[in-house]
Amino acid sequence: MPEDGIVFDLQRFSLHDGPGIRTVIFFKGCPLCCQWCQNPEGLEPRPEISFSKEKCLGCQECQKVCPVRAIVFEGTKRIDRQVCDRCGKCVEVCYAEALRIVGKSYTPAELLEEAMTDMPFFVSSGGGITLSGGEPTCQADFLTSFLPLCKEKELHIALETCGCFVYEELEPLLSCVDLILYDIKAIDPVLHQKLTGRSNKTILENLGKLLKKDECAVQVRVPLIPTLTATDENLKAILVFLKEHNITEVSLLPYHKMGESKLEGIDSPLRPLNLARMSEQDLMNISALFRNAGIKALTY
Ligand code: SF4
Ligand code: SF4
């Protein structure tokens, strides 16, 4: 039996994660822990329970059904996560939908059915599906079953990756992937470790291997996080790396705070950064830095 995939979100009609209209599939689990993570509910590989204090009615139905007494009413906290075994019973009785299971299992055929729903839009716009997360390659066994099914249906497949994967696990899947959206966050390994919890050695090596292989298109993306990745020193080091690898185009992804609002409801090691948004002028200056070095900079 092929392994199930654990997916925490499906976003339809996305326009920024590859060409055309796309359905983005968010897989659970990530080997990195970037301080600015936009999808912190994707870090943990297993399904987890999220809690929204704004939606909670205080009815205490959840407490009545919890078999391990993990429901607490302490300030804004509702779940003792040391005790909770993620059985989901509290979610079933929470009619206010304050409690929610983040992460659903799909067989390859079930997920294909979801992906095929928007096929007419993919065909008319040149779109397809984008595997995101989390880090989709954390579920390489599932992708081994799922991606050939997608290819049989002639779906365009984009893969968003942080680059921290076992190359030998991804290599057999490359023939099914049309586009890889590959994040580069920092070149200095010490800085990368500080920002993401992991060294970038494997990430940079894997990118080099993919570029040499030339089997599918690779689009490098740089998240611009003020004071963290969007510093003169780091951007110049990235420029040098891109030039060394003959990369002529890059996508710049400005920081936004969307992920930070999700932190309170889950058990996350991250804390809100509360950084100021990058100004249009700063973004234009960074684009110009790349352009002047002969690298086309796309911004979103
Ligand atoms: S069942 Fe839902 S709405 Fe009721 S107390 Fe529990 S979390 Fe709040
Ligand atoms: S998921 Fe299960 S164990 Fe966890 S709080 Fe809800 S009912 Fe209790």
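This section reports on the structure supplied with the text. Keep in mind that this is a model prediction, so the values were computed, not measured.

## What about the nonpolar core?
Core analysis: the biggest nonpolar cluster contains 64 residues, and L131, F146 and F290 have the highest contact counts within it. Those residues in contact with L131 that lie beyond four places of it in its chain are I25, F27, P136, L143, F146, L147, I157, A158, L159 and E160. Ranked by size, the runner-up nonpolar core spans 12 residues in total, among them C62, A70, I71 and C90.

## What about the packing of aromatic side chains?
Tallied over the full model, the rule gives five aromatic pairs. On the numbers, 4.9 Å between centres and 75° between planes, the contact of F13 with F121 is edge-to-face. In this pair, F13 sits in strand β1 (residues 5–14) while F121 sits in helix α4 (residues 119–125), placing the two residues 108 residues apart along the sequence. Residue classification places F13 among the partly exposed positions, given a relative accessible area of 44%. Measuring from ring centre to ring centre gives 6.0 Å for F27 and F142, while their planes differ by 55°; the resulting arrangement is tilted. Note that F27 is positioned in strand β2 (residues 22–27) and F142 in helix α5 (residues 140–152), a separation of 115 residues in sequence.

## As for helix α9 (residues 232–244)
Here α9 is 13 residues long and its end C-alpha atoms lie 18 Å apart, about the 18 Å a rise of 1.5 Å per residue gives. Packed against the buried residues of α9 are α7 (189–196), α8 (201–213), β11 (217–224), β12 (249–254) and α10 (280–292). N246 sits one or two positions beyond α9 and adopts a positive phi of about 55°.

## Here we look at the sheet that holds strand β10 (residues 179–183)
Two modes of strand pairing occur in sheets, parallel and antiparallel, and in both the strands are linked by backbone hydrogen bonds. Pairing is mixed across the open sheet formed by nine strands, whose spatial order is β7-β1-β2-β8-β9-β10-β11-β12-β13. Here the strands that pair on one side only, and so sit at the sheet edges, are β7 (104–106) and β13 (296–299). Here the average twist between neighbouring strands, direction ignored, is 35°. In this structure, strand β8 (residues 128–133) lies alongside strand β9 (residues 157–161), joined through three bridges in parallel fashion. Looking at the pairing, L131 lines up with L159 of β9. With respect to the sheet, α8 is in contact with β10 and β11, its orientation differing from that of β10 by roughly 155°.

## Some remarks on the site of ligand 1
Surveying the vicinity of ligand 1 reveals the residues F51, C56, L57, G58, C59, Q60, C62, F73, C94, A96, A98 and L99. Residues belonging to the shell around ligand 1 are distributed by class as follows: 10 nonpolar, two polar and no charged.

## Digging into the environment of A276
Inspection of the secondary structure puts A276 in the loop between β12 and α10. Residue classification places A276 among the exposed residues on the basis of a relative accessible area of 58%. For the pair A276 and P226, spaced 50 residues apart in sequence, the C-alpha to C-alpha distance is 7.6 Å. With near-sequence residues (within four places) excluded, A276 lies in contact with P226 and Y255.

Scoring rules and cut-offs
- Residues numbered from 1 in each chain as written.
- Chains lettered and ligands numbered in written order.
- Predicted model: local features only at pLDDT ≥ 70, side-chain atom pairs only at ≥ 80, totals over all residues.
- Heavy atoms only, no water.
- Core = buried A, V, L, I, M, F, W, Y, C linked by side-chain atoms within 4.5 Å.
- Buried < 20%, exposed > 50% of the residue type's maximum accessible area, 1.4 Å probe, protein only.
- Contact = heavy atoms within 4.5 Å.
- Phe/Tyr/Trp six-rings, centres within 6.5 Å; stacked < 30°, edge-to-face > 60°.
- Helix = DSSP H or I, 4+ residues; strand = E, 2+ residues; numbered from the N terminus.
- Expected span 1.5 Å × (residues − 1).
- Pairing = 2+ DSSP bridges.
- Axes fitted to C-alpha atoms, helices over the stretch in contact; angles between N-to-C directions.
- Near = heavy atom within 4 Å.
- Nonpolar A, V, L, I, M, F, W, Y, C, P; charged D, E, K, R; others polar.

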